[in-house]
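# Summary of the model geometry
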Amino acid sequence: MKVASENITIRPMDEQDIATAHAMTQALHWPHTRQDWQQISSLGPSLVMKVDHQIIGTACLVQQGNYASVGLIVIDDAFQGQGLGRRIMNEIMSKAEPDTHFFLTATEMGKPLYQKLGFNEYTKIEQYQNHIDSRLIPALSPKDSTVIRELKSEESGIIQTLMNGSTGMDRTAIAQKLAKQSTRILVTENNGQVTGLAMLRAFGRGYSIGPVIADHQENALALIARHLTQCDQQFVRLDINNQYSRIGESLTQFGLNKVDTVSQMVKGTQPKTQGPLTQYALVTQALG
């Protein structure tokens, strides 16, 4: 549907817009619930694009130190091909702090737009999901003298330390939000030092495991397997970096299906870890 530029407005998203935004992602068969929308909109500026009184687009941004994630970029199918995606992208990026580097997760359909805006792919993300049969999940042990245990309530500050160090970004606000919303948080510990974590929380059709942070792939897999054994008959999703093929292969053996592969893209400098930890699974595709 062709629309005149002067009839388009962009404004901040408010609480009343979330139902419409949720309906738009439902129409695309994205898994986000209204609670997922509320979470991301509470972490940073979110915008809606309107034609007259109809919401036809959305965009969200979460500042993470010198970086900002851009996510939930949606333009109604009836208004595609008119440069509206570029317009709302430029508007949401203008809400970031000066000298920010931007990153996002792009579908194949969205990738050409982001390339035109100066984004470059730096890795691929694979989405795995299924209902869990705990009989298929082996009891994996972490490396060396590492043990797995639940995070203690007084240790919540460790979450942001590990999330920041494993990404090279300031993820304090996200860490604080996840600490409150997670169903279960497991950590690895070696000689009294916490060396990794994996968080399980409600998301979409069931649960998501992420982020998963560890010092070795073996420890990441052990954390994932421990969560999965406690999710029998539940629907679980993970979004993993495909550089670590052993994890993807193991998830397939655990009965999860790879249902999508998307591109992680950056405008500016690629984020780099600070220290020995790696983030093997994302928080969400929208947050990184």
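The present account deals with the structure reproduced in this document. Note that this is a predicted model, so its numbers are computed, not measured. (Residues numbered from 1 in each chain as written. Predicted model: local features only at pLDDT ≥ 70, side-chain atom pairs only at ≥ 80, totals over all residues. Heavy atoms only, no water.)

### With respect to the environment of K272
Counting through the fold element by element, K272 comes out in the loop between β12 (257-267) and β13 (278-281). For the pair formed by K272 and G168, sequence separation is 104 residues and the distance between their alpha carbons is 5.1 Å. Those residues in contact with K272 that lie beyond four places of it in its chain are T167 and G168. (Helix = DSSP H or I, 4+ residues; strand = E, 2+ residues; numbered from the N terminus. Contact = heavy atoms within 4.5 Å.)

### A word on the nonpolar core
In this structure, W37, I40, I159, M163, I174, L197 and L287 are the most contacted members of the largest nonpolar core, which totals 30 residues. Counting only elements with at least two residues in this core, the list comes to α1 (18-27), α2 (34-42), β3 (54-64), β4 (67-75), α5 (157-167), α6 (172-181), β8 (184-190) and β9 (193-203). Leaving out residues up to four positions away in the same chain, W37 has contacts with M13, I18, A21, H22, T25, H32, T58, C60 and L72. I148, A222, C231 and Y280 belong to the second-largest nonpolar core, a separate cluster that totals 28 residues. (Core = buried A, V, L, I, M, F, W, Y, C linked by side-chain atoms within 4.5 Å. Buried < 20%, exposed > 50% of the residue type's maximum accessible area, 1.4 Å probe, protein only.)

### Side note on empty space enclosed by the protein
Empty space among the atoms can be located by rolling a probe the size of a water molecule over them. In this structure the tally under the stated criterion is two cavities of 30 Å³ or more. Roughly 70 Å³ of volume is contained in the largest cavity. In terms of lining, the largest cavity is formed by H32, D36, Q39, I40, L72, F203, T284 and A286. A per-element tally of the lining of the largest cavity places α2 first, with three residues. Taken together, the residues that form the lining of the largest cavity break down as four nonpolar, three polar and one charged. Space inside the second largest cavity adds up to approximately 40 Å³. If you trace the second largest cavity, you find it lined by P31, Q129, F203, G204, R205, Y207, F235 and R237. Within the lining of the second largest cavity, the residues separate by chemical class into four nonpolar, two polar and two charged. (1 Å grid on protein atoms, 1.4 Å probe; cavity = no way out; pocket = protein on both sides within 12 Å on 5 of 7 lines; lining within 4 Å. Points joined across faces, edges and corners; volume = space filled by probe spheres on them. Nonpolar A, V, L, I, M, F, W, Y, C, P; charged D, E, K, R; others polar.)

### Some words on the layout of surface pockets
There is about 1,200 Å³ of room inside the largest pocket. Breaking the lining of the largest pocket down by element, the ones donating at least two residues are β4, α3 (84-93), β5 (101-106), α4 (111-116), β6 (120-131) and β12. No other element matches the six residues that β4 contributes to the lining of the largest pocket. When its volume is computed, the second largest pocket comes out at roughly 370 Å³. Y122, S166, N241, P271 and Q279 are, among the 23 residues lining the second largest pocket, the residues nearest its centre. For the lining of the second largest pocket, the elements supplying multiple residues, two or more each, are β6, α5, β11 (235-241) and β13. Of the residues forming the lining of the second largest pocket, the biggest block, four residues, is contributed by β13.

### A closer look at the pattern of salt bridges
The final tally for this structure, using the stated rule, is twelve salt bridges. Put simply, K124 and E108 hold a salt bridge, and the shortest N to O gap is 3.7 Å. Residue K124 is located in strand β6, and its partner E108 is located in the loop between β5 and α4; the two are separated by 16 residues in the primary sequence. Here K124 falls in the partly exposed class, since its relative accessible area comes to 22%. (Salt bridge = Lys/Arg side-chain N within 4 Å of Asp/Glu carboxyl O.)

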